[in-house]
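# Examination of the molecular architecture
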Amino acid sequence: MGHGETSKGWALIAPPALYALALLALPLGAVVVLSFFTQDFLTLDTTPTLENYRIVLTDPGFAGQLPRTLLVRSVTIAGLVTVCTVLLAYPVAYYVSFHVAPERKSLWLFLITIPFWTSYLVRVFLWKVILNFDGVVNRTLLNLGWIDEPIRAFLYSPAAVVITLTHAFAPFAILPIFVALEKIDRPLLEASRDLGEGTLRTFARVTLPLSMPGVVAAVLIVFIPTIGDYVTPRLVGGPDGLMIANLIQSQFGRLSNAPMGATLAVIAMASVGLISLLFVLATRRWTR
Amino acid sequence: MSRRWLLLYVVLYMALLYAPIALLPIFAFNDGQVIAFPLQGFSTRWFEGLWTNRTLHSALWNSLVVAVISSVLAVVLGICAARASARYAFRGQGAVMGMIMVPLVLPEIIVGVSVLIVVNTVLGLPLGLWAVIAAHVLICTPFAVAVLSGAFQSLDPAMEEAARDLGETPWGAFRTVTLPLVAPGIVASLLICFTISLDEFIIAFFLTGASPTLPVYIWGLLRFPADLPIVMALGTLLVLASIVLLTMAEIFRRRGAARAGRKDSGGFL
Amino acid sequence: MSLIDLSGVQKWYGEYHALRGIDLQIAAGEFFSLLGPSGCGKTTLLRTIAGFEGIDAGTLRIDGLDMRGVTPDRRPTNMVFQSYAIFPHLTVAQNVAYGLRRTADGREEKARRVGEALEMVGLGGYGGRRPHELSGGQRQRVALARALVLRPKVLLLDEPLSALDRKMRETMQSELRRLQRQVGITFILVTHDQEEALIMSDRVAVMFEGAIAQVASPQALYSRPADRRVADFLGAMNFLPAEVRDGRVEIAGLGACEVEPEQVIGAGGMAEAGMRPEAMTMLDVQPGEGLREAAGTIADRAYYGDMTYYMVELPGVPGHVTVSMKNRPGSAVLDVGAPARIGWDPRAVLLFPA
Ligand SMILES: Nc1ncnc2c1ncn2[C@@H]1O[C@H](COP(=O)(O)OP(=O)(O)O)[C@@H](O)[C@H]1O
Ligand SMILES: [Mg+2]
């Protein structure tokens, strides 16, 4: 392709690129800058300082150590959600890729993705109904005679957050794994069987390693956005289930301390970014 | 044997995936005020309540305005990106495409917060639907690109060249050949972006200002137990609407695949 | 004056030198082929003529006009693409009518021209069909009709037959020839199939690595290739070490002979003698008159039904020479390992510089 093609390509990609730059890169930069400012009641002090970071990371008195607790909890919950989602999703992706007739695959994917696109708020709320004191789960267990009185711990707990988020992100995990499985050459598996490996061992030695890029993508695509959810913790988490996003949200809302919110956002992003980076590096040998 | 177990698992998984949504109509048509079992009998009164609720109507209108404008803008940007990546190879292409696709994995609260800071603190402007639109375009564009890339990539580059060769101008070739061939993909991505924007809450909550969108309005309702049955009824309608929109999107996407004479293999992503 | 005139045309793809100084004249009404191995730049050259690729140096004239800066839609050329590029959302008739959109013709005149073009390629009555209902051969015909209906001065065809099966390809070869004679338009055909180029063309340009090695009629190309690569690429040729001394040629394994000046390509001294397999004969199968004789051993044999190819080892020559024999009714097929008597004609020898 000549120089003309290159410049045409750039001209074409410029609008979306500039838009992403203006609405993403610049605002993210603004968040970082703001995190070095401080707010005293309603006036913004624009002298750059690390005060916010000091308060969040080291001040034992600030919000009852809430930021650190919430950060650790968020990462833990996000991690648990990721593990559950990916583990539960893998067999489904495998089934659709290997056991569904090619012309039916896209229908299956469609059915899997539908719940993901529909009424996020209401879906989360419904989990509250399901897990509630007099909710579906407790009633069923009572009727079965497995329990004598309703279990309150289902709702308003980190477990409830994990369950709800796992449900919400299910398709996000299935799709990348499915794509990776689809890319595996079927004759490769036949070759392995032909070389005397059983079904299970073929899976362990050929299919699973070859699908690792999909698994890694699934992990990232679930883990990163999960940190940013404040609806689920708020609705089903209870006080012990709140996450860092709730704190960030309240800084911009009720507490009206935008610089502190920005600081928390930066710290959350940095933590997620770092963990993701470490994860990618650790799984390099399977994904290359 | 093991295949049977796998099927059983998948069926169970799918059932659980749909379980919460399945509860929606059950409670929406339940006569009781409390969202719990046992059910109180059949009633359509919650749906009737929706007809007369003025605040709800204005929230719905806001959401429709936001969804229509953001989906159109996102798809226009998506067409540019998808075509650029399918048609041209240039240095830095991967990085630029990466930047456009990043909102796909970015936590939504980060998008909400950062746009909020720019609007409020940097520009000093009042919040409003336009800010929601701006942010929705950002998060919808990657989905549009994902859907449109399939359409553009499967287009034989010789197709447009043939049109040029037969005497068309560049724009004429694009309009009479490329556009009709990717039209189903465009419609599909419009519908998907519309659905995403209509349903988006986390960002809208930060940016919506005084006139709420529908999800922000619903969020408000969730605090009042008395309003919950209304939420159920509203949710039922919204889920129905989403399913209809997405089914249409899927039909268009497949028609596009068939028209371009390619084998259909994947879903939206 | 030639219709197409390229002089010193150079084309770079970044660091890659795709066209290395192309000089070429093609006359009006000619059936011209660009022949060469895959990757030698045939498509690039064709796309340069069509206007899809700019040139970095040299000039390209069509009908006396410099084509610099002239876009494909304003060139008097039309192209049949390798993938045919039939518009899948349009019917056959709409495909053929596509280029007429911008002509001044009235509705009826357009319909008439479309019908005529479809008739010409043998697709009369197919106008209402959709492209996906057509076979490969039929799509090809649609592509031809779509280009020819515009009455271009030049029709460019990029490996148009490579996607067809053998039977269909042979049909289309004669069909294309017939069409070209009928419409009298210059055809430029790109192909990597030497047989196709020889069968169809008035003249052929053989290309290697972005440069033209020889332009000649099929007969001249085959009987007097410009160099070893051309000789090798068109059909098969046996090469034997040779030495030229006092106007006589000493060919290893065959013997000495005298050659006419037109049999010598390049300089004297150490050389290589080239002989086509069909220019030699197995004397035990079919005796010939006035032939020189050489002795060897049959190392291998390949039987093709109509032909048999013998691989013969000659004393003092590394490898073997190939001799092809037509299988006539009752003619013998010799066994591997048997002694072979080869007959060869000194007039069929070509001398290449070593
Ligand atoms: N758009 C392009 N960018 C870079 N290199 C190209 C491009 N098109 C062709 N080439 C290179 O130019 C050479 C000639 O290509 P082409 O003309 O298609 O060969 P042919 O048609 O003879 O097989 C090839 O090595 C090919 O890789
Ligand atoms: Mg080629």
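For every chain, the first residue of the written sequence is number 1, and numbering continues from 1 onward in sequence order. As a convention, the first chain written is A and the first ligand written is 1, with the rest following in written order. Owing to the predicted nature of the model, reporting of local features is limited to residues with pLDDT of at least 70; listing and counting of side-chain atom pairs is limited to 80 or more, with chain, interface and lining totals taken over all residues. Heavy atoms throughout the structure, all of them, feed into the side-chain values; hydrogens and water do not.

### Considerations on the overall build of chain C
Put simply, the rule is: Helix numbering and strand numbering both begin at the N terminus, where a helix is a DSSP run of H or I of at least 4 residues and a strand a DSSP run of E of at least 2. The contact criterion used throughout is that any non-hydrogen atoms of two residues lie within 4.5 Å. A 1.4 Å probe and the Shrake-Rupley method give the accessible areas. Residues count as covered only by the protein chains that appear here.
Scanning chain C from N- to C-terminus turns up 8 helices and 20 strands. Across its three principal directions, the C-alpha atoms of chain C cover 75 × 50 × 35 Å. Contacts spanning at least 24 positions in sequence make up 68% of the contacts within chain C whose residues lie at least 6 apart. Surface summary for chain C: the accessible area is close to 16000 Å², and the carbon and sulfur share equals 49%.

### Quick word on the side chain of B:Thr195
Inspection of the secondary structure assignment puts B:Thr195 in helix α8 (residues 170–199). Setting aside its immediate chain neighbours within four residues, B:Thr195 contacts A:Trp117, B:Ser242, B:Leu245 and B:Leu246.

### Focus: the pattern of salt bridges
Note the cut-off: The term salt bridge refers to a side-chain nitrogen of Lys or Arg lying within 4 Å of a carboxyl oxygen of Asp or Glu. Burial classes follow relative accessibility: with a 1.4 Å probe on protein chains only, a residue under 20% of its type's maximum area counts as buried, one over 50% as exposed, and anything between as partly exposed.
If you walk through the whole model with that rule in mind, you get 24 salt bridges over all chains. The partner of B:Glu160 in a salt bridge is B:Arg83, with the nearest N and O atoms 2.9 Å apart. Remark: B:Arg83 occurs in helix α3 (residues 54–87) and B:Glu160 occurs in helix α7 (residues 157–165); sequence separation between them is 77 residues. For B:Arg83, a relative accessible area of 11% puts it in the buried group. The salt bridge partner of C:Arg341 is C:Asp284, with a shortest N-O separation of 3.2 Å. Here C:Arg341 is found in strand β19 (residues 339–344), whereas its partner C:Asp284 is found in the loop between β15 (280–282) and β16 (292–303), with 57 residues between them in sequence. The structure contains a network of salt bridges with shared partners spanning B:Glu161, C:Lys11, C:Arg47 and C:Glu53.

### A closer look at the packing of aromatic side chains
Two descriptors summarise a pair of aromatic rings, namely the distance from one centre to the other and the angle between the planes of the rings. To be explicit about the condition: The criterion for an aromatic pair is that two Phe, Tyr or Trp rings (for Trp, the six-membered ring) have centres within 6.5 Å, with stacked assigned to planes under 30 degrees apart, edge-to-face to planes over 60 apart and tilted to the rest. For a Lys NZ or an Arg CZ to count as sitting over a ring, it must be within 6 Å of the ring centre and within 35 degrees of the ring normal.
This model, assessed by the stated rule, comprises 25 aromatic pairs over all chains. Consider the rings of B:Phe201 and B:Trp219, whose centres lie 4.9 Å apart with planes at 40°: the pair is tilted. With B:Phe201 in the loop between α8 and α9 (202–207) and B:Trp219 in helix α10 (residues 214–221), the pair connects residues that are 18 residues apart, well separated along the chain. We classify B:Phe201 as buried; its relative accessible area is 1%. Measuring from centroid to centroid gives 6.4 Å for B:Phe205 and B:Phe206, while their planes differ by 75°, and the two rings are edge-to-face. Given a relative accessible area of 8%, B:Phe206 falls into the buried group. Among the aromatic residues, those joined into a cluster by ring pairs are A:Tyr230, A:Phe252, B:Phe201, B:Phe205, B:Phe206 and B:Trp219. The residue whose ring lies beneath C:Arg146 is C:Phe87, and the NZ or CZ to ring-centre distance is 4.7 Å.

### What about the interface of chain B and chain A?
Cut-off, in case you're wondering: Put simply, buried area is the surface a 1.4 Å probe can reach on two separate parts but cannot reach once they are joined, added for both. Classification used: nonpolar for Ala, Val, Leu, Ile, Met, Phe, Trp, Tyr, Cys and Pro, charged for Asp, Glu, Lys and Arg, polar for all others including Gly.
Each side of the interface is counted separately: chain B has 87 residues, and chain A has 77 residues. Between chain B and chain A, a total of about 7400 Å² is buried, with carbon and sulfur atoms accounting for 81% of that surface. With 15 residues, helix α1 (residues 2–28) of chain B is the largest single contributor of residues to the side of chain B that touches chain A. When grouped by side-chain class, the residues that make up the side of chain B that touches chain A number 68 nonpolar, 10 polar and 9 charged.

### Here we look at the sheet that holds β15(C)
Residue and element names in this part refer to chain C. Short version of the rule: At least two bridges found by DSSP between two strands is the condition for calling them paired. Each axis is a line fitted through C-alpha atoms, taken for helices only over the stretch in contact, and angles between the N-to-C directions span 0 to 180 degrees.
Spatially, 5 strands are ordered β15-β19-β16-β17-β18 in an open sheet, and the strand pairing comes out antiparallel. At either end of the open sheet lies a strand with only one pairing partner, and these are β15 and β18 (321–326). Strand-to-strand twist across the sheet, computed as the mean angle between neighbouring axes with direction ignored, equals 45°.

### A look at the UniProt feature "transmembrane region" (unreviewed entry) in chain A
Residues and elements named next belong to chain A. Which entries qualify depends on this criterion: UniProt positions are given in the numbering used here, feature names are shortened, and annotations may be inferred rather than shown by experiment.
The UniProt feature table records "transmembrane region" (unreviewed entry) at residues 12–37, 75–96, 108–133, 153–181, 202–224 and 260–282. Spanning residues 202–224, this segment combines 100% helix with 0% strand, and its end C-alpha atoms are found 32 Å apart. Annotated as 100% helix and 0% strand, the span residues 260–282 places its first and last C-alpha atoms 33 Å apart.

### Overview of the environment of C:Ser38
For C:Ser38, the position within the fold is in the loop between β3 (31–35) and α1 (42–50). Taking the C-alpha atoms as reference, C:Ser38 lies 8.9 Å from C:Thr191; in sequence the two are 153 residues apart.

### Some thoughts on the site of ligand 1
Under the convention used in this document: Residues are classed as near a molecule or strand on a simple rule: at least one heavy atom within 4 Å of it. Each polar contact in these results corresponds to two N or O atoms within 3.5 Å; when the atoms are within protein, one needs to be able to donate a hydrogen and the other to accept it, and residues that are neighboring in sequence are counted only if both atoms are side-chain atoms.
Taken together, 11 residues form the shell around ligand 1, and within it C:Gly39, C:Gly41, C:Lys42, C:Thr43 and C:Thr44 come nearest. Residues close to ligand 1 are split across chains A and C. A distance of 2.6 Å separates an oxygen atom of ligand 1 from a polar atom in the side chain of C:Thr43. For ligand 1, whose free accessible area comes to 560 Å², the fraction covered by protein is 64%. In terms of residue count, α1(C) provides more of the shell around ligand 1 than any other element does, 3 residues in total.

### Quick word on the UniProt feature "domain: ABC transporter" (unreviewed entry) in chain C
If you check UniProt for "domain: ABC transporter" (unreviewed entry), the listed places come out as residues 4–234 of chain C in our numbering. As annotated, residues 4–234 of chain C has a helix share of 34% and a strand share of 26%, and its two end C-alpha atoms lie 25 Å apart.

### Remarks on the sheet that holds strand β10 (residues 211–216) of chain C
All names here are of chain C. Read across the sheet, 6 strands follow the order β6-β7-β8-β3-β9-β10 without closing on themselves; strand pairing throughout is mixed. Both edges of this open sheet fall to β6 (77–80) and β10, since each of them pairs with a single strand only. Strand-to-strand twist in this sheet, taken as the mean axis angle between neighbours without regard to direction, amounts to 20°. For β3 and strand β9 (residues 203–208), the ladder comprises 4 bridges, and the chain directions are parallel. The residue of β9 that forms the bridge with leucine 35 is valine 206. Running over the sheet, α1 touches β3, β6, β7 (154–158), β8 (186–191) and β9 and is turned about 150° from β7. Helix α4 (residues 136–148) contacts β6, β7 and β8 of the sheet and is inclined by roughly 175° relative to β6.

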